[in-house]
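# Chain and residue survey
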Amino acid sequence: MGRTRERGLRARRLGVLAASALFLSFLVPATASATTAGADQAAVTCYGGSVAISLPANGYSGTYTTSSRCNDINLRIDSGGSQWVAVCWAAHGYCQDHWTLVTEDAGYTVVASDVLDGTTFYFVTTNGGGTRSGRTAY
């Protein structure tokens with residue numbers, strides 16, 4: 001009688017473990033896809049608010065003001081060739097201490113990170129070779 005009861009308890013424990021594992025296997029993919037979907041939605045919202053930009057070969061762009069759509073300042077060059085770019089803070093009168101190479105047809109490149117909403121900025125370029133066209137998302 002004791003062996004039968006022991007087997008019954010073992011079988012019940014295995015059944016509970018199998019049911020728990022099956023339940024958890026459904027939760028993990030749902031959590032991962034929800035996180036991915038959230039990141040994808042944030043990118044769509046940020047890039048969805050992008051504006052067309054024309055960058056001079058050596059000089060300054062117009063001014064822009066950051067919004068709550070993006071946490072960073074992003075730049076994409078669609079034609080005219082790759083471009084070295086720095087971001088300048090209009091209210092403070094100084095530019096970044098480094099340049100970022102934005103490659104043509106490579107998608108968006110982050111040129112400034114963790115920028116506060118409502119910050120006025122512009123791009124300064126160097127490299128010659130003519131005007132570049134693309135989009136900026138901020």
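Throughout what follows, the structure given in this document is the object of discussion. Note that the structure is a prediction, hence the values are computed from the model and not measured. (Residues numbered from 1 in each chain as written. Predicted model: local features only at pLDDT ≥ 70, side-chain atom pairs only at ≥ 80, totals over all residues. Heavy atoms only, no water.)

Our next topic: the overall build of the protein. In terms of helices and strands, the protein carries one helix and nine strands. Reading the protein from its N terminus to its C terminus gives the helix and strand order α-β-β-β-β-β-β-β-β-β. For the protein, buried positions account for 31% of its 138 residues. Of the contacts formed within the protein by residues at least 6 apart in sequence, a portion of 78% connects residues at least 24 apart. Looking at the protein as shown, the accessible area adds up to about 8,500 Å², and 58% of this sits on carbon and sulfur atoms. (Helix = DSSP H or I, 4+ residues; strand = E, 2+ residues; numbered from the N terminus. Buried < 20%, exposed > 50% of the residue type's maximum accessible area, 1.4 Å probe, protein only. Contact = heavy atoms within 4.5 Å. Areas by Shrake-Rupley, 256 points an atom, 1.4 Å probe, with all protein chains shown as cover.)

To continue, consider the nonpolar core. Among the nonpolar cores identified, the biggest contains 16 residues, and I73, L75, V87, F121 and F123 are the most heavily contacted of them. Looking at this core, the elements that each hand over two or more residues are strand 1 (51-55), strand 3 (73-79), strand 4 (83-89), strand 7 (109-112) and strand 8 (120-126). Leave out the neighbours within four places in its chain, and V87 touches I73, C95, Q96, V111, A112, F121, Y122 and F123. (Core = buried A, V, L, I, M, F, W, Y, C linked by side-chain atoms within 4.5 Å.)

To continue, consider a nonpolar patch on the surface. Residues W84, W99 and L101 make up a contiguous nonpolar surface patch of about 290 Å² in total accessible area. As for its position among the elements, W99 is in the loop between strand 5 (94-95) and strand 6 (100-102). (Patch = residues over 30% accessible without salt bridge, like charges linked within 9 Å, V, L, I, M, F, W, Y side chains within 5 Å. Salt bridge = Lys/Arg side-chain N within 4 Å of Asp/Glu carboxyl O.)

Counting across every chain of the model gives seven aromatic pairs. Ring plane angle 65 degrees and centroid distance 5.8 Å describe the contact between Y60 and Y122, whose orientation is recorded as edge-to-face. Taken as a pair, Y60 in strand 2 (residues 59-65) and Y122 in strand 8 lie far apart in primary sequence, 62 residues in all. Overall, the relative accessible area of 55% leaves Y60 in the exposed class. The interplanar angle of 85 degrees and the centroid separation of 5.5 Å between the aromatic rings of F121 and F123 together place this pair among those described as edge-to-face. Per residue, the accessibility class of F121 equals that of F123, and both read buried. (Phe/Tyr/Trp six-rings, centres within 6.5 Å; stacked < 30°, edge-to-face > 60°.)

Two strands pair when backbone bridges link them, and strand 3 and strand 7 are joined in this way by three bridges, in the antiparallel orientation. Bridge pairing in strand 7 links I73 to A112. (Pairing = 2+ DSSP bridges.)

Right, let's get into the state of the cysteines. Per the counting criterion, the structure on display carries two disulfides. The disulfide bridge from C46 ends at C70, spanning 1.9 Å between sulfur atoms. Where C46 bonds to C70 through sulfur, the torsion about that S-S bond is close to 105 degrees, and the disulfide is right-handed. Residue C46 is found in helix 1 (residues 2-48), and its partner C70 is found in the loop between strand 2 and strand 3; the two are separated by 24 residues along the sequence. Residue classification places C46 among the buried residues on the basis of a relative accessible area of 9%. (Disulfide = S-S within 2.5 Å.)

The next subject is the pattern of salt bridges. Taken as a whole and judged by the stated rule, the model has one salt bridge. For R76, the salt bridge identified is with D78, shortest N-O distance 2.9 Å. R76 sits in the partly exposed class, given a relative accessible area of 22%. D78 gets classed as partly exposed once you look at its relative accessible area, which sits at 32%.

Before going further, it helps to spend a moment on the pairing of strand 8. When you tally the buried positions in strand 8, you get five out of seven residues, the bulk of the element. Relative to strand 8, strand 4 runs antiparallel, the two being bridged by six bridges. Opposite C88, over in strand 8, you have Y122 as the bridge partner.

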